[in-house]
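Overview (structure and organization)
These are the residues of each chain, in order.
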Amino acid sequence: MPSQAAILQELDWLVSGAAQGSNLFLFFSGHGYKARDPTGEEADRLDECILPTDWQQHDGSSGYIRDGQLAQLLLQRLPEGTLMDLPYEAR
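Summarised in this report is the structure supplied together with it. Per chain, residue numbering runs from 1 following the sequence as it is written. In keeping with the predicted nature of the model, local features appear solely for residues at pLDDT of at least 70, side-chain atom pairs appear and are counted solely at 80 or more, and the whole-chain, interface and lining totals rest on all residues. Excluded from the side-chain calculation are hydrogens and water; included are all heavy atoms of the structure.

1. A few points about the overall build of the protein chain
This is how the line gets drawn: We count a stretch as a helix when DSSP gives it H or I for four or more residues in a row; a strand needs E for two or more, and each element gets its number in order from the N terminus. With a 1.4 Å probe rolled over the protein chains alone, any residue whose accessible area is under 20% of its type maximum counts as buried; one over 50% counts as exposed, and the rest are partly exposed. Here, two residues are considered to be in contact whenever any of their heavy atoms come within 4.5 Å of each other. Only four residue types enter the charge count, namely Lys and Arg as positive and Asp and Glu as negative; His and the chain termini do not. Note on charges: their place is set at NZ of Lys, CZ of Arg, CG of Asp or CD of Glu.
The helix and strand tally for the protein chain stands at two helices and five strands. Ordered by position from N to C terminus, the α and β elements of the protein chain give α-β-β-β-β-α-β. The principal-axis extent of the C-alpha atoms belonging to the protein chain is close to 40 × 35 × 25 Å. With 91 residues in all, the protein chain has 27% of them scored as buried. Long-range pairs, those at least 24 residues apart, make up 53% of the contacts in the protein chain between residues at least 6 apart in sequence. Each charge class in the protein chain can be summarised by its mean position, and for the 6 positive and 14 negative side chains these summaries are 7 Å apart.

2. Re the nonpolar core
One broad rule of soluble globular proteins: the nonpolar side chains tend to lie buried together. Operational definition: Residue types Ala, Val, Leu, Ile, Met, Phe, Trp, Tyr and Cys, when buried and joined through side-chain atoms within 4.5 Å, form a set referred to as a nonpolar core.
Counting residues in hydrophobic clusters, the biggest one holds 13 residues, and the most contacted among them are Leu-11, Val-15, Leu-24, Leu-74, Leu-78 and Met-84. Only helix H1 (4-16) and helix H2 (67-73) provide two or more residues apiece to this core. Counting residues per element, this core draws most heavily on H1, which supplies four residues. For Leu-74, the contacting residues outside a window of four places in its chain are Leu-11, Leu-14, Val-15, Leu-26 and Met-84.

3. Remarks on the sheet that holds strand S4 (residues 65-66)
Our working rule: Two strands are said to pair when DSSP picks up at least two bridges between them.
Strand order in the open sheet made by the three strands is S2-S3-S4, with antiparallel pairing throughout. Two strands bound the open sheet, and with one partner strand each, they are strand S2 (31-36) and S4. By the bridge criterion, two bridges tie strand S3 (residues 46-51) to S4 in an arrangement that is antiparallel. Within S4, the position partnered with Ile-50 by the bridge is Ile-65.

4. Some thoughts on H1
To keep it simple, the criterion reads: Any helix carries an expected span of 1.5 Å times its number of residues minus one. Directions are taken from the helix axis to each C-beta atom, and the arc is the one they span.
Between its first and last C-alpha atoms H1 spans 18 Å; for 13 residues at 1.5 Å apiece the expected length is 18 Å, and the two agree. Looking only at H1, the buried set comprises Ile-7, Leu-11, Leu-14 and Val-15. Buried residues of H1, viewed axially, fall in a sector of 85°; they line one side. Residues of H1 that are exposed and angled more than 90 degrees away from the buried face: Ala-5, Gln-9 and Trp-13.

5. Digging into the side chain of Asp-37
The line we're drawing: Only one rule defines a salt bridge in this text: a Lys or Arg side-chain nitrogen within 4 Å of an Asp or Glu carboxyl oxygen.
Note on placement: Asp-37 falls in the loop between S2 and S3. Although Asp-37 is buried, it forms no salt bridge, and the closest oppositely charged side chain is Arg-66 at an N-O distance of 5.7 Å. When neighbours within four sequence positions are excluded, Asp-37 is seen to be in contact with Glu-42, Arg-45, Leu-46 and Asp-47.

If you want it as structure tokens, here you go:
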């Protein structure tokens, strides 16, 4: 089940074995959302998020996986020379 914990675990797995010259591919099929940016870092004041199956709409933030968290989990942990393909399509 693509819960927040399961998605975060698999993202960790994806980058944990990366070495210089690795080629990684991430495909996410699910729902996304734009949430109010609580830090004020985003120019449009919105964080792009993916919504796991266990996200909670009632409080406006529980369970989102925000763009900054994805950057920390994925891009900032990759060794130099690693290629990651993140195809994106929104409708």
